[in-house]
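What follows is each chain in one-letter form.
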Amino acid sequence: MARLPKLSVFDLDYTLWPFWVDTHVDPPCHRSGDGTVRDSRSRTIRLYPDVPEILERLLGLGVPVAAASRTGEIEGANQLLELFDLIRYFVHREIYPGSKVTHFQRLQQKTGVPFSQMIFFDDEKRNIVDVSKLGVTCVHIQNGMNLQTLTQGLETFAKVQVGP
């Protein structure tokens, strides 16, 4: 079996869901009678389709999951994780404005997992550049998280562990 990361970290906006929680939706959000997640204007809010299966797959592989988001809408982001029933997958959440490097330093302190044993998925190239300098395997997301991207990311992580 290929080597797996000891921590898989996801950005939220445009990685797990197709919007910025601080500008594209209007918290507070709620779950309507039909199970749909809606914002305060009753607009439907969705995840990228593969996200629940991705998190379930990581759980099945025994890979803990964390969130690292720079959003200023901390309450709204946490609320959406709860409403989408994703909170149960996240062992740690670093959700606040600032540098992703700070998020990762805190994740490393909390978990004891070395940066070299982490994988990170994010849509913003600047975050990928910054976090990769720590030694984290980083995957730049182009059109939201999907199963193919997860598989490719885990393969890249395994190759990095083996070396050239």
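Within each chain, residues carry numbers counting from 1 in the order of the written sequence. In keeping with the predicted nature of the model, local features appear solely for residues at pLDDT of at least 70, side-chain atom pairs appear and are counted solely at 80 or more, and the whole-chain, interface and lining totals rest on all residues. Based on all heavy atoms of the structure, the side-chain values leave hydrogens and waters out of the count.

Colleague: Any chance you could break down unusual backbone geometry for me, citing the residues and the numbers?
Modeller: For Tyr14, which is not glycine, the phi dihedral falls at a positive 60°. For Tyr14, a relative accessible area of 25% puts it in the partly exposed group. With phi around 60°, Asp85 is a residue other than glycine that occupies positive phi space. Structurally, Asp85 is set in the loop between helix H2 (74–83) and strand S6 (90–95). Relative accessible area decides the class of each residue, using a 1.4 Å probe on protein chains only: under 20% of the type maximum gives buried, over 50% gives exposed, and in between gives partly exposed. Strands are runs of DSSP state E lasting at least two residues, helices are runs of H or I lasting at least four, and both sets are numbered from the N terminus onward.

Colleague: Got a sec to walk through the sheet that holds strand S3 (residues 37–38)? Specific residues and values, please.
Modeller: Sheet strands pair via backbone hydrogen bonds, and the direction of the pair is either parallel or antiparallel. Whether two strands pair depends on DSSP finding at least two bridges between them. Reading across from one edge, S2-S3-S4 is the order of the three strands in this open sheet, with antiparallel pairing throughout. Every interior strand has two partners, whereas the edge strands, strand S2 (30–31) and strand S4 (44–45), have only one. The pairing of S3 with S4 spans two bridges and is classified as antiparallel. Opposite Arg38, over in S4, you have Thr44 as the bridge partner.

Colleague: Could you give an account of the side chain of Asn127, naming the residues involved and the relevant values?
Modeller: Residue placement: Asn127 occurs in helix H4 (residues 125–132). Residues are treated as being in contact if the distance between any of their heavy atoms lies within 4.5 Å. When sequence neighbours within four positions are dropped, the list of residues in contact with Asn127 reads Arg70, Lys100, Phe120 and Asp122.

Colleague: Describe the sheet that holds strand S8 (residues 137–140), listing the residues and the values that go with them.
Modeller: Read from one edge to the other, the open sheet built from five strands follows the order S6-S5-S1-S7-S8, with strand pairing classed as parallel. The open sheet has two free edges, formed respectively by S6 and S8, since each of these has just one partner strand. When strand polarity is set aside, the average angle formed by the axes of neighbouring strands in this sheet is 20°. Where strand S1 (residues 7–10) meets strand S7 (residues 118–122), four bridges bridge the pair, whose relative direction is parallel. Along S7, the bridge assignment pairs Leu7 with Met118. On top of the sheet, helix H1 (residues 51–61) reaches S1, strand S5 (65–69) and S6; it is set at about 165° to S1, its chief contact. Fitted lines through C-alpha atoms serve as axes, helices being fitted only where they are in contact, and the angles separating the N-to-C directions of these axes extend from 0 to 180 degrees.

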